[in-house]
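# Chain and residue survey
Residue strings, one per chain:
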Amino acid sequence: MEHTISINAQKERKVTDTKSVPFGKIPTEHMFIAEYRDGAWHEPQIVPFRDITLSPMALCLHYGQTVFEGMKAFVMEDGKINIFRIHKHYDRFMKSLTRMCMPHIPRDLFVKALHQLVALDADWIPKEEHGSLYIRPFMIATENRIGVKISEEYLFMVVCSPAFQYYSKPLKVKVETTYVRSAEGGTGAAKCGGNYGGAFYPTQQAQQEGYDQILWTDAKNHEFIEESGTMNALFYIDNVLVTPPLSSSILDGVTRDSLITLAREKGIIVEERAISYKELERAFKEGKKVIAFGAGTAAVIAPIESICINGTAYNCYIEKDAIMYELQNDLLNIRKGTTEDKHKWNFIL
Ligand code: COI
């Protein structure tokens, strides 16, 4: 079925200087919204950004049926607008929805909604270096009923916000061996709200101890690295790029996938394998150069300055010639259109 999106555009708000505003604080002028009821999506529309009303009995408020994506649009070197890896984000969104028992959205509706919304609010995309439009598609369960059940009604919405670098400086992280982000068979691979809410307390504890973020370990042994904060974790040791393999407890990061693809193309050996904090500790103790970084849509790459393992902080290599910056530049050049987009990652409006 072809979906027609009705558009109620009101261009009134002036684009403000967004560079000094915290990530995700300013919405653009419009948003997309569609309702799911009686087994189908209804009234897809783009409207001026506004609050929504929900019954206090809406299921999302009680049992956590909420799923989101994080994507970015860029102004390219030639002035065209590019939504990066729209189809990979769509595929991951559908996987998350399946895991949370929520209805899929037809691909054409998702693509059209993002295309039309980003085109309408294109003047909000910062053109400066590291500037982008952060796109947040999300779905919530809206049926009004506090019985524990799968909702039969949902809202799918898309909001956007101008964004710059997520982290302004390299991170001090701590290997977490008490709390877990997700266990095997849990919801870690789904981008559902609960994964993030559950991480707040351990992250707050780590921050009170002077760290910026957590390096999560596996739920069984507290030994193997899973993710770093809200990002995938990558390490470059002995000329090999190592990252934990995807599993039911690790998010299939789009930036992770892009970086390891680009690394392999440059001839770098990439190993998607389990890596324990003991292996990292050994490398530090042997005096090896350890490059560590997080990768995610919001952060792109987040260099890790130090890793604390069982109370001892070890310094990582973060100088300008570290491989993570080269990989980041390769990625930015594809998005800008200054190098060839061999994999058709760019969705150009
Ligand atoms: C992203 O990188 O898009 C994320 O989901 C991280 C955070 C902003 C929730």
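Computed from a predicted model, the values in this text were never measured in an experiment. (Residues numbered from 1 in each chain as written. Predicted model: local features only at pLDDT ≥ 70, side-chain atom pairs only at ≥ 80, totals over all residues. Heavy atoms only, no water.)

## Here's the deal with the overall build of the protein chain
Inclusion rule: For helices the rule is a DSSP run of H or I covering at least 4 residues; for strands it is a run of E covering at least 2, with both sets numbered from the N terminus onward. Here the globule rule reads 2.2 Å times residues to the power 0.38, and the radius of gyration is calculated from C-alpha atoms. Only protein chains enter the area calculation, which uses a 1.4 Å probe; residues under 20% of their type maximum are buried, those over 50% are exposed, and those in between are partly exposed. Whether two residues are in contact is decided by their heavy atoms, any of which lying within 4.5 Å being enough.
Secondary structure assignment for the protein chain yields 7 helices and 18 strands. In terms of overall dimensions, the protein chain is globule-like: its C-alpha atoms have a radius of gyration of 21 Å, near the 20 Å expected for 349 residues. Overall size of the protein chain, expressed as C-alpha extent along the three principal axes, is 60 × 50 × 35 Å. Split into buried and exposed, the 349 residues of the protein chain put 53% on the buried side. In the protein chain, of all internal contacts separated by at least 6 residues, the share reaching a separation of at least 24 is 69%.

## Quick look at unusual backbone geometry
The residue His 130 is not glycine, and still its phi comes out positive at about 70 degrees. Its place among the elements puts His 130 in the loop between helix H3 (107-120) and strand S7 (132-141). His 130 sits in the partly exposed class, given a relative accessible area of 30%. Phi at Asn 310 is positive, roughly 45 degrees, even though this residue is not glycine.

## Considerations on the environment of Ile 105
Looking at the secondary structure, you find Ile 105 in the loop between helix H2 (86-99) and H3. Residue class for Ile 105 comes out buried when judged on its relative accessible area of 0%. Once the C-alpha coordinates of Ile 105 and Trp 41 are considered, the two residues, 64 residues apart in sequence, prove to be 7.9 Å apart.

## Some points on the site of the ligand
Operational definition: Whether a residue is near a molecule or strand depends on its heavy atoms: if one lies within 4 Å, it is near. Distance and chemistry together define a polar contact, namely a pair of N or O atoms within 3.5 Å, with one atom able to donate a hydrogen and the other to accept it when in protein, and with adjacent residues in sequence counting only for side-chain atoms on both sides. To be clear on the numbers: accessible area is Shrake-Rupley with a 1.4 Å probe, and residue cover counts the displayed protein chains and nothing else. Note on residue classes: Ala, Val, Leu, Ile, Met, Phe, Trp, Tyr, Cys and Pro are nonpolar, Asp, Glu, Lys and Arg are charged, and everything else, Gly too, is polar.
Inspection of the region around the ligand gives Phe 23, Phe 68, Gly 70, Tyr 134, Arg 136, Lys 191, Tyr 196, Thr 230, Gly 296, Thr 297 and Ala 298 as its neighbouring residues. The contact in question runs from an oxygen atom of the ligand to an N or O atom on the side chain of Lys 191, over 2.5 Å. Considered on its own, the ligand offers 280 Å² of accessible surface; in the complex 89% of this is hidden by protein. Its residues assigned to classes, the shell around the ligand comprises 5 nonpolar, 4 polar and 2 charged.

## With respect to H3
Rules: For a helix, the expected span equals 1.5 Å multiplied by the residue count minus one.
Between its first and last C-alpha atoms H3 spans 20 Å; for 14 residues at 1.5 Å apiece the expected length is 20 Å, and the two agree. Every buried residue of H3 is accounted for by Leu 109, Phe 110, Val 111, Ala 113, Leu 114, Leu 117 and Val 118.

## Some points on the nonpolar core
In summary, soluble globular proteins display a tendency toward joint burial of nonpolar side chains. To keep things clear, this is the line we draw: Nonpolar core, defined: a set of buried Ala, Val, Leu, Ile, Met, Phe, Trp, Tyr and Cys residues in which side-chain atoms within 4.5 Å join the residues together.
In terms of nonpolar packing, the biggest core is built from 55 residues, with Phe 32, Trp 41, Ile 83, Phe 93, Ile 105, Phe 110 and Ile 135 touching the most fellow members. One finds Ala 283, Phe 284, Ala 292 and Ala 299 within the second-largest nonpolar core, a separate group that totals 25 residues.

## Description of the side chain of Glu 143
Relative to the assigned elements, Glu 143 resides in the loop between S7 and strand S8 (154-163). We classify Glu 143 as buried; its relative accessible area is 10%. Of the polar contacts made by the side chain of Glu 143, one reaches the side chain of Lys 149; its length is 2.7 Å.

## Description of the domain arrangement of the protein chain
Interfaces are often sized by the amount of accessible area the parts lose when they come together. Let me state the cut-off plainly: Reported domain spans reflect what an automatic or database domain assignment gives. Joining two parts hides part of their accessible area as seen by a 1.4 Å probe, and the buried area is that hidden amount summed over both. Take a side-chain nitrogen of Lys or Arg and a carboxyl oxygen of Asp or Glu: if they are within 4 Å of each other, that pair is a salt bridge.
One can read the domain layout of the protein chain as domain 1 (6-164) and domain 2 (171-336). Distance from the C-alpha centre of domain 1 to the C-alpha centre of domain 2: 27 Å. In this assembly, 23 residues from domain 1 lie in contact with 22 residues from domain 2. Summing both partners gives a buried area of about 2,000 Å² for domain 1 against domain 2, and 58% of it is carried by carbon and sulfur. Of all residues in domain 1, Phe 68, Phe 84 and Arg 92 bury the most surface against domain 2, accounting for 29% of the area lost on that side. Put simply, domain 1 and domain 2 have 2 salt bridges between them.

## Comments concerning the packing of H2 against H3
Our working definition: To define axes, lines are fitted to C-alpha atoms, for helices over the stretch in contact only, and angles between the resulting N-to-C directions are given on a 0 to 180 degree scale. Angle categories are assigned with fixed cut-offs, so that under 35 degrees is roughly parallel, over 145 is roughly antiparallel, 65 to 115 is roughly perpendicular, and the rest are oblique. Throughout, a crossing is termed right-handed when the near helix is turned clockwise from the far one, and left-handed when it is turned anticlockwise from it by less than a right angle.
For the pair H2 and H3, interaxial distance at closest approach is 11 Å and the crossing angle is 130 degrees. By the angle between their axes, H2 is oblique relative to H3. Viewed along their axes, H2 and H3 form a crossing whose handedness is right-handed. Mapping the contact onto sequence places Ile 86, His 87, Tyr 90, Asp 91 and Phe 93 in H2 and Arg 107, Phe 110, Val 111 and Leu 114 in H3.

## Digging into empty space enclosed by the protein
With a probe scaled to a water molecule rolled over the atoms, the places where space remains empty come into view. In plain terms, the rule: With a 1 Å grid laid over protein atoms only, a set of points is called a cavity when a 1.4 Å probe fits there but cannot get out and a pocket when it is open yet has protein on both sides within 12 Å along at least five of seven lines; lining residues have an atom within 4 Å of a point. Grid points are joined across faces, edges and corners, and a volume is the space filled by probe spheres set on the points.
By the definition in use, this model includes 1 cavity of 30 Å³ or more. Here the largest cavity defines a volume of roughly 40 Å³. Taken together, Lys 72, Phe 84, His 89, Val 254, Thr 255, Thr 297 and Arg 335 form the lining of the largest cavity. Looking at the lining of the largest cavity residue by residue, the classes come out as 2 nonpolar, 3 polar and 2 charged.

## Some words on the pattern of salt bridges
Pairs can form between side chains of opposite charge whenever their charged atoms are close. The final tally for this structure, using the stated rule, is 30 salt bridges. Arg 37 is the salt-bridge partner of Glu 35, the closest N and O atoms lying 3.4 Å from each other. A relative accessible area of 35% means that Glu 35 is categorised as partly exposed. One continuous salt-bridge network, built from bridges that share partners, spans Lys 11, Glu 29, Asp 121 and Asp 123.

## A look at the packing of aromatic side chains
Where we set the bar: In this analysis, rings of Phe, Tyr and Trp, with Trp reduced to its six-membered ring, are considered paired at centre separations within 6.5 Å, and the interplanar angle assigns stacked below 30 degrees, edge-to-face beyond 60, and tilted for intermediate values. We call a charge positioned over a ring when the NZ of a Lys or the CZ of an Arg lies within 6 Å of the ring centre and within 35 degrees of the ring normal.
Using the criterion set out here, one finds 15 aromatic pairs in the structure. With a centroid separation of 4.8 Å and an interplanar angle of 70 degrees, the aromatic rings of Phe 23 and Tyr 134 are classed as edge-to-face. Of this pair, Phe 23 sits in the loop between strand S1 (6-7) and strand S2 (30-37) while Tyr 134 sits in strand S7, and the two are 111 residues apart along the sequence. Over the ring of Tyr 317 we find Lys 289; its NZ or CZ atom is 4.2 Å from the centre of that ring. The cationic tip of Arg 335 hangs over the ring face of Phe 84; the distance from NZ or CZ to the ring centre is 4.9 Å.

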